[in-house]
Amino acid sequence: MSTEAHRRFDCFGGTATIHIRATSTEDGEKAADVARTSLLDAHRRLSRFSDESELTRLNDDPRWEVPATPLMRALADAVHSAGSRSGGLVDATLLDGIERAGYRYSLDGEPSISLSEALASRAERAPGAPHPDRLWRSIGVDEAGGTVIRPPGVKIDSGGIAKGLVADLAAEELRGQRTYAVDCCGDIRIGGCAGLERRVRVDDPFGGGPVHELKLRDGAVATSGIGRRCWVAPDGGGAHHILDPASGEPAFTGIVQATALAPTALLAEIYAKAALLAGPAGRWLPHGGVLVRDGGEVDVIAAKQPLTELAAAA
């Protein structure tokens, strides 16, 4: 029996890992190298922190219709899908607001504050709401023409949507393997023809031990949280990278971390972010998941729909 191939590397502003067991050790190692290359290439092309990335060039392009690669068209389609599926809560057209909040460049190595400090600096809690303009509706794709269509000045923030999308694309290339797990900075796609179960631990955003463990044979898990990057905003209060679309300000909803199960990593990412933005009463976890509140309380949400029910539709 072959051993499992593992890869761990920096990608999308965090750490990506790949785990593959193929019919032979050699095949697993080759597949892991191909998946690693695929993720790194997607990072290079979709990073908003690089002036040379395809995403930056698209965001800066003055034309309404811009020639785009299949990967960029898939991202644009995912942005529209995320807005539609979440009723506008997951809005990837808020890049200007994110930069105004202080996240203009990669924050690696920059001064930061803890999650507890950020929470203490903001007393008000309120659920997020869609932006009235719903600019995500203006983003479209012309597959026949190979273009992305959007009004000039409407910018896409790749963020978590790109991580979920890329994890799914890598999984498509690996579905013939006995078992695999692609973890793109917390957006995880699991599967394989052998149907082997994997365990996914949900970390404590406040730095303690794992708060829950999920078991999965085929599907995805994604976690969205405000604690990974917190900093001091221009007004002196705490800030983070997840905005309330309606206000354009960092969202403090009473939920600091949401983990969602779904058939695909992109859909899990959408559910997780919507659950965080909706606050304690919103849920948004039809396939189950885990919510962590401001005070550290953990809510384990039972699935209302099995993962297999929507796998084809997703």
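Note that residues are indexed from 1 along each chain, following the sequence as it is written. Predicted model: local features are reported for residues with pLDDT of at least 70 only, side-chain atom pairs are reported and counted for 80 or more only, and whole-chain, interface and lining totals are derived from all residues. Just so you know, side-chain values use all the structure's heavy atoms and leave hydrogens and water out.

### What about the overall build of the chain?
Here is step 1 of the chain: Secondary structure follows DSSP: runs of H or I at least 4 residues long count as helices, runs of E at least 2 residues long count as strands, and numbering of each begins at the N terminus. Across its full length, the chain holds 7 helices and 17 strands.
Here is step 2 of the chain: The C-alpha radius of gyration computed for the chain amounts to 19 Å, which stays within 12% of the reference 20 Å derived for 314 residues, consistent with globular compactness.
Here is step 3 of the chain: Structurally, the chain occupies a C-alpha span of about 60 × 50 × 40 Å along its principal axes.
Here is step 4 of the chain: Looking at the chain residue by residue over its 314 residues, the buried ones come to 52%. As defined in this context, the radius of gyration uses C-alpha atoms, and a globule is described by 2.2 Å times the residue total to the power 0.38. Only protein chains enter the accessibility calculation, which uses a 1.4 Å probe; a residue whose area is less than 20% of its type maximum is buried, one above 50% is exposed, and one in between is partly exposed.

### Quick notes on the sheet that holds strand β4 (residues 140-142)
Here is step 1 of the chain: Taken in spatial order, the 3 strands make up an open sheet running β3-β5-β4, and their pairing is antiparallel. The open sheet has two edge strands, β3 (65-67) and β4, and neither has a second partner. Sheet twist, expressed as the average angle between the axes of neighbouring strands with direction ignored, equals 25°. We treat two strands as partners when DSSP finds at least two bridges between them. Helix axes use the C-alpha atoms of the stretch in contact, all axes being lines fitted to C-alpha atoms, and the angles between their N-to-C directions lie in the range 0 to 180 degrees.

### What to know about helix α3 (residues 70-85)
Here is step 1 of the chain: Taking 1.5 Å as the rise per residue, α3 with 16 residues should run 22 Å; its terminal C-alpha atoms sit 22 Å apart, in good agreement.
Here is step 2 of the chain: Those residues of α3 not exposed but buried are Leu-71, Met-72, Arg-73, Leu-75, Ala-76, Ala-78, Val-79, Ala-82 and Gly-83.
Here is step 3 of the chain: Contact definition: two residues touch when any of their heavy atoms are within 4.5 Å. Elements in contact with the buried residues of α3: α1 (25-46), α2 (54-60), β4, β5 (147-149), α6 (159-174) and α7 (265-278).
Here is step 4 of the chain: Positive backbone phi, at 65°, marks Gly-87, one or two positions downstream of α3. For a helix, the expected span equals 1.5 Å multiplied by the number of residues minus one.

### Some points on the environment of Asp-51
Here is step 1 of the chain: Considering the arrangement of structural elements, one finds Asp-51 in the loop between α1 and α2.
Here is step 2 of the chain: Excluding its chain neighbours within four sequence positions, the residues that come into contact with Asp-51 are Thr-56 and Arg-57.

### Regarding the pairing of strand β15 (residues 255-262)
Here is step 1 of the chain: Of all 8 residues in β15, 8 are buried; the element is thus mostly enclosed.
Here is step 2 of the chain: When strand β10 (residues 219-225) meets β15, the two strands line up antiparallel, connected through 6 bridges. The partner of Thr-223 across the bridge, within β15, is Thr-259.
Here is step 3 of the chain: Examined bridge by bridge, β15 and strand β16 (residues 289-293) share 5 bridges and lie antiparallel to one another. Each residue of the ladder has a partner; that of Ala-258, found in β16, is Leu-291.

### Things to note about the sheet that holds strand β17 (residues 298-301)
Here is step 1 of the chain: Strand order in this open sheet of 8 strands is β1-β2-β6-β7-β10-β15-β16-β17, and the pairing throughout is antiparallel. What marks the edges here is a single partner per strand, and that holds for β1 (5-11) and β17. Adjacent strand axes in the sheet meet at a mean angle of 10°, parallel and antiparallel pairs treated alike.
Here is step 2 of the chain: The strands touched by α1 within the sheet are β1, β2 (14-21) and β6 (179-184), with β1 carrying the most contacts at an inclination of about 15°.
Here is step 3 of the chain: Set on the sheet, α7 makes contact with β7 (187-191), β10, β15 and β16; between it and β15 the angle comes to about 150°.

### Some thoughts on the pattern of salt bridges
Here is step 1 of the chain: Salt bridges, as used here, are contacts in which a Lys or Arg side-chain nitrogen is within 4 Å of a carboxyl oxygen on Asp or Glu. Considering all chains together, one arrives at 17 salt bridges under this definition.
Here is step 2 of the chain: Notably, a salt bridge pairs Glu-143 with Arg-73, separated by 2.9 Å at the nearest N-O pair. One end of the pair, Glu-143, is in the loop between β4 and β5; the other, Arg-73, is in helix α3, and 70 residues separate them in sequence.
Here is step 3 of the chain: Classification of Glu-143 by relative accessible area gives exposed; the value is 52%.
Here is step 4 of the chain: For Arg-73, a relative accessible area of 11% puts it in the buried group.

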